[in-house]
Amino acid sequence: LAKTTQPISMDSYEGQEVNITCSHNNIATNDYITWYQQFPSQGPRFIIQGYKTKVTNEVASLFIPADRKSSTLSLPRVSLSDTAVYYCLVGAMGDSSYKLIFGSGTRLLVRP
Amino acid sequence: NAGVTQTPKFQVLKTGQSMTLQCAQDMNHNSMYWYRQDPGMGLRLIYYSASEGTTDKGEVPNGYNVSRLNKREFSLRLESAAPSQTSVYFCASSEALGAYGYTFGSGTRLTVV
């Protein structure tokens, strides 16, 4: 399984754009990159997933460079409610050995 | 749709007691999982079920057993609870094993005294 490395914590202010970068140097050809968000006392929630280049949905954007050894989750104009832990995971579709393994994630604190 | 439903939400056990955590999903997902999350930590996989009729160990299976009762339900049993099992337990499901989006339940907060 590809190991991921993310910053432990980040601070931001309301209205700013936040970019959280995840390193995954040994990503495999068939691996996808998936991000989850977890609020206190809740289970993680799927945010976005991508394979290469850029993916955008109503919540976030995911930027993946050509070498795919890293990825960046971009949250536009954050609000206080975006304060949460964000997890980056890497794995392949249909891979029987892939079982979602979470690291410690990145704790994002959005200040007024 | 309810998604993934876990019961109970809170439980206090005495050391040595047993209990079963229940999980049900209504999304017709094939795969289901049990995780535990200790304070300030990420989630650790206890057991998973790739499909109805199969179960396998995850990272931290000791002290737990599971049953995939049918496609909808996946239960986690603590036979003899220990203080080290104090944690928040999350059940999740996905369309299949692999990098499919997982849907998590709201968790069961278990305290063993």
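As a reminder, the structure under discussion sits directly above these lines.
Our subject in this report is the structure included herewith. (Residues numbered from 1 in each chain as written. Chains lettered and ligands numbered in written order. Predicted model: local features only at pLDDT ≥ 70, side-chain atom pairs only at ≥ 80, totals over all residues. Heavy atoms only, no water.)

Another point: the pattern of salt bridges. Residues and elements named next belong to chain B. Under the defined criterion, the tally for this structure stands at 4 salt bridges over all chains. A salt bridge links R36 to D38; the nearest nitrogen and oxygen atoms lie 2.9 Å apart. The burial state of R36 is the same as that of D38; both residues are buried. We note a salt bridge from R77 to E79, for which the minimum N-O separation is 3.2 Å. Counted as one network, the salt bridges with shared partners bring together R36, D38 and R44. (Salt bridge = Lys/Arg side-chain N within 4 Å of Asp/Glu carboxyl O. Buried < 20%, exposed > 50% of the residue type's maximum accessible area, 1.4 Å probe, protein only.)

So, about the sheet that holds strand β5 (residues 53-56) of chain A. Residues and elements named next belong to chain A. Read across the open sheet, the 4 strands follow the order β2-β7-β6-β5; overall the sheet is antiparallel. Unpaired on one side and paired on the other, β2 (18-23) and β5 mark the two borders of the sheet. Here the strands of the sheet are splayed against their neighbours by 15 degrees on average, with no regard to which way each runs. Bridging between β2 and strand β7 (residues 70-75) involves 6 bridges; their strand directions are antiparallel. Looking at β7, one finds that V18 is bridged to L75. (Pairing = 2+ DSSP bridges. Helix = DSSP H or I, 4+ residues; strand = E, 2+ residues; numbered from the N terminus. Axes fitted to C-alpha atoms, helices over the stretch in contact; angles between N-to-C directions.)

Moving on, we get to the state of the cysteines. When the sulfur atoms of two cysteines share a covalent bond, that bond is a disulfide. All names here are of chain A. One pass over the full model with this rule turns up 2 disulfides over all chains. Here C22 engages in a disulfide with C88; their sulfurs sit 2.2 Å apart. With the S-S bond torsion at -80 degrees, the cross-link from C22 to C88 turns out left-handed. Placement of the pair is C22 in strand β2 and C88 in strand β8 (residues 84-92), with a sequence separation of 66 residues. Look at C22 and you get buried, because its relative accessible area is 0%. (Disulfide = S-S within 2.5 Å.)

Looking now at the interface of chain B and chain A. With 20 residues of chain B in contact, the opposing surface of chain A contributes 24 residues. Buried area between chain B and chain A, summed over both chains or domains, comes out near 1700 Å², and the portion from carbon and sulfur atoms is 57%. Applying the counting rule to chain B against chain A returns 0 salt bridges. Summed over the shared surface of chain B and chain A, the number is 3 residue pairs in polar contact (both at pLDDT 80 or more). (Contact = heavy atoms within 4.5 Å. Buried area = accessible area lost by both parts, 1.4 Å probe. Polar contact = N/O pair within 3.5 Å; in protein donor to acceptor, adjacent residues only side chain to side chain.)

Side chains of a nonpolar character, in soluble globular proteins, are inclined to be buried together. Counting 20 residues, the largest nonpolar core has I33, W35, L73, L75 and Y86 of chain A as its most contacted members. Taken together, the elements giving at least two residues each to this core come down to β2, β3 (31-38), β4 (45-50), β6 (61-64), β7, β8 and β9 (106-111) of chain A. The element best represented in this core is β8 of chain A, accounting for 4 residues. Discounting residues that sit within four places of it in the chain, L75 of chain A has contacts with Q16, E17, V18, V59, A60, Y86 and L108 of chain A. By size, the runner-up hydrophobic cluster in this structure holds 19 residues, among which are V4, L13, M32 and V112 of chain B. (Core = buried A, V, L, I, M, F, W, Y, C linked by side-chain atoms within 4.5 Å.)

Right, let's get into the sheet that holds strand β3 (residues 19-25) of chain B. Residue and element names in this part refer to chain B. What the 4 strands build is an open sheet, ordered β1-β3-β8-β7; its pairing is antiparallel. At either margin of the open sheet sits one strand with a lone partner, and together these are β1 (4-7) and β7 (64-68). Each strand axis lies, on average, 15 degrees off the axis of its neighbour in the sheet, ignoring direction. Looking at chain direction, β7 and strand β8 (residues 74-78) are connected through 5 bridges and run antiparallel. Looking at the pairing, V66 lines up with L76 of β8.

All we've got here are geometric facts, nothing functional implied.
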